[in-house]
Amino acid sequence: MNFLEYLKIIKNNWQTPVITVLGIIVLSLIFTLTQPLEYSSKVELLVIQKQTAQLDAYSASRASEKIAGTLASVIKTKSFFDKVIMGNFGISRKSFPKNEKKLRKMWRKKIKTQISPQSNILKVEIFDTDKKQAETMASAVAYILVNDSNEYYGGGNNIQLKVINEPLTSDYPVKPNIVLNTISALIIGLVLSLILIFYQNKNYIKINNQDDL
């Protein structure tokens with residue numbers, strides 16, 4: 001069978017992709033629209049490893065990248081969360097679940113971290129249903145990283161963190177992403193429908209492939 005024959009099979013079964021795609025898109029929209037709308041606040045920090053007699057520029061840069069990666073993981077921990085709550089930032093503990101497991105899951109979900117490739121820049125993005133709260137938490141995270149992060153890497157005075165971009169908060173909710181979810185649903189629907197069509201016509205395809213031989 002050639003490509004045109006496969007297209008003919010799809011054309012003769014056009015109802016399957018239409019129904020499948022529409023069904024998955026509708027389910028995706030229902031799920032998306034029932035999720036809480038969240039704003040984001042982004043802050044960027046530069047991790048600086050000071051050069052010493054034992055550490056050249058390249059090694060210092062690599063060390064900075066490694067520390068940035070460590071801090072990116074530390075931010076999502078309960079220990080770091082406690083610092084955010086206990087600090088004088090105006091963030092209420094009541095906004096978070098009392099259950100420890102749910103609390104940790106929620107805190108990890110609120111934070112997205114990223115290390116810029118080939119750089120020492122740590123990007124932190126905070127999500128929250130309250131725009132002001134998202135910005136406050138981003139500021140709190142940045143403050144703790146600048147002032148207390150040495151508790152997590154033990155670098156002493158040889159390591160310095162500097163905020164290079166203050167928290168920037170979105171004007172509109174960024175989660176859930178309706179466009180991305182719809183596109184994903186469209187692709188998934190098309191793939192599933194094609195698999196279903198070819199499965200339903202597998203005998204016909206098999207016979208025709210044998211004839212070609």
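All values derive from a computational prediction rather than experimental measurement. The residue count restarts for each chain, going from 1 along the sequence in the order it is written. For this predicted model, a pLDDT threshold of at least 70 governs which residues receive local features, and a threshold of 80 or more governs which side-chain atom pairs are given and counted, while totals over whole chains, interfaces and linings are taken from all residues. For side-chain calculations, the full set of non-hydrogen atoms in the structure is used, while hydrogens and water are omitted.

**Q** When you look at the overall build of the protein chain in this model, what are you seeing that I'm missing?
**A** For the protein chain, the count of helices and strands is nine helices and four strands. Along its sequence from the N terminus, the protein chain presents helices and strands in the succession α-α-β-α-α-α-β-β-α-α-β-α-α. Here the radius of gyration uses the C-alpha set of atoms, whereas the globule reference equals 2.2 Å times the residue count to the power 0.38. The C-alpha atoms of the protein chain give 25 Å as radius of gyration, which overshoots the globular expectation for 213 residues (17 Å, by more than 25%). On the principal axes, the C-alpha backbone points of the protein chain span a range of 75 × 45 × 30 Å. A burial count over the protein chain gives 31% of its 213 residues as buried. Contacts spanning at least 24 positions in sequence make up 75% of the contacts within the protein chain whose residues lie at least 6 apart. Throughout, the Shrake-Rupley method with a 1.4 Å probe supplies accessible areas, and for residues the shown protein chains are the sole cover considered. Total accessible area computed for the protein chain in this model is approximately 13700 Å², and 57% of it derives from carbon and sulfur atoms. In this count, Lys and Arg are taken as positive residues and Asp and Glu as negative ones, while His and the chain termini are left out. For charged residues, the charge sits on one atom: NZ in Lys, CZ in Arg, CG in Asp, CD in Glu. Each charge sign in the protein chain was given a centre, from 27 positive and 17 negative side chains, and these centres are 6 Å apart. Strands are runs of DSSP state E lasting at least 2 residues, helices are runs of H or I lasting at least 4, and numbering of each runs from the N terminus. Partly exposed residues are those whose accessible area sits between 20% and 50% of the maximum for their type, while under 20% is buried and over 50% is exposed, using a 1.4 Å probe and protein chains only. A contact between two residues is defined here by any heavy atoms of the two lying within 4.5 Å.

**Q** In this structure, what is going on with the packing of aromatic side chains? I would like to understand it.
**A** Any two of the Phe, Tyr and Trp rings considered here, Trp counted by its six-membered ring, make a pair once their centres fall within 6.5 Å; the pair's planes then place it as stacked at under 30 degrees, edge-to-face at over 60, or tilted in between. Taken as a whole and assessed by the stated rule, the structure comprises five aromatic pairs. Their ring planes at 65° and their centres at 5.2 Å tell us that F81 and W107 sit as a pair that is edge-to-face. One end of the pair, F81, is in helix α4 (residues 78-86); the other, W107, is in helix α5 (residues 100-110), with 26 residues separating them in the sequence. Take F81 and W107: they sit in the same class, and that class is buried. An aromatic cluster is built from F81, F96 and W107, whose rings are joined through pairwise contacts. Positioned above the aromatic ring of F127 is the side chain of K175, whose terminal nitrogen or guanidinium carbon lies 4.0 Å from the ring centre. In this scheme, Lys NZ or Arg CZ marks a charge over a ring once it lies within 6 Å of the ring centre and within 35 degrees of the ring normal.

**Q** In this structure, what is going on with helix α6 (residues 131-148)? I would like to understand it.
**A** Each α-helix turn comprises 3.6 residues. Residues three or four places apart therefore point the same way. Helix length check: α6, at 18 residues, gives a terminal C-alpha distance of 26 Å against a target of 26 Å (1.5 Å per residue), a fit within 8%. Polar contact is the term for a pair of N or O atoms within 3.5 Å; when the atoms are in protein, one must be able to donate a hydrogen and the other to accept it, and sequence-neighboring residues count only if both atoms are side-chain atoms. Sitting at the head of α6, D130 places a side-chain oxygen 3.0 Å from the backbone nitrogen of K132. One less than the number of residues in a helix, times 1.5 Å, gives the span that helix is expected to have.

**Q** I keep staring at the nonpolar core and nothing clicks. Help me out?
**A** Proteins that are soluble and globular tend to have nonpolar side chains buried together. Nonpolar cores were defined as sets of buried Ala, Val, Leu, Ile, Met, Phe, Trp, Tyr and Cys residues, with membership established by side-chain atoms within 4.5 Å. Ranked by internal contacts, the top residues of the largest apolar core, which has 30 residues, are F80, V124 and L145. If you list the elements that add at least two residues to this core, you get β1 (39-49), α3 (57-74), α4, α5, β3 (121-128), α6 and β4 (159-169). In this view, L145 contacts L45, L71, I75, F80, L122, V124 and L161; residues no more than four positions away in its chain are not counted.

**Q** Would you mind showing me how to read the sheet that holds β4 here?
**A** Strands qualify as paired when DSSP identifies two bridges or more between them. Overall, antiparallel pairing links the four strands, which are arranged β2-β3-β1-β4 in an open sheet. Both outer strands of the open sheet, β2 (111-115) and β4, are each paired with one neighbouring strand and no more. Each neighbouring strand pair of the sheet contributes to a mean axis angle of 20°, computed without reference to strand direction. The sheet contact formed by β1 and β4 spans eight bridges and is antiparallel. When the sheet's bridge partners are listed, I48 is paired in β4 with Q160. The axes used here are C-alpha line fits, helices contributing only the stretch in contact, and every angle between their N-to-C directions lies in the interval 0 to 180 degrees. Across the sheet, α6 lies against β1, β3 and β4, angled at about 150° from β3, the strand it touches most.

**Q** Help me understand the packing of helix α2 (residues 15-33) against helix α8 (residues 178-200), please; the structure alone is not making it clear to me.
**A** Each pair of packed helices can be summarised by the angle the axes make with each other and by the distance between the axes. Taken N-terminus to C-terminus, the directions of α2 and α8 make an angle of 150°; their axes are 8 Å apart at the nearest point. Here α2 lies roughly antiparallel to α8, going by the angle between them. Of the two elements, α2 crosses α8, and the hand of that crossing is right-handed. Grouping the constituent residues of the contact of α2 with α8 by class yields 14 nonpolar, nine polar and no charged. Relative orientations are named as follows: roughly parallel for angles under 35 degrees, roughly antiparallel for angles over 145 degrees, roughly perpendicular for angles from 65 to 115 degrees, and oblique for any other angle. In this scheme the handedness of a crossing depends on how the near helix is turned from the far one: anticlockwise by less than a right angle means left-handed, clockwise means right-handed. Throughout, the ten residues Ala, Val, Leu, Ile, Met, Phe, Trp, Tyr, Cys and Pro are labelled nonpolar, Asp, Glu, Lys and Arg are labelled charged, and all others, Gly among them, are labelled polar.

**Q** Would you explain the pairing of β2 in this entry?
**A** On any regular strand, side chains alternate: one points to one face of the sheet, the next to the other face. Strand direction decides the pairing type here: β2 and β3, joined by five bridges, are antiparallel. The residue of β3 that forms the bridge with K112 is E125. Where β2 folds back onto β3 in an antiparallel hairpin, the turn is made up of five residues, including Q118, whose phi is positive at roughly 55°.

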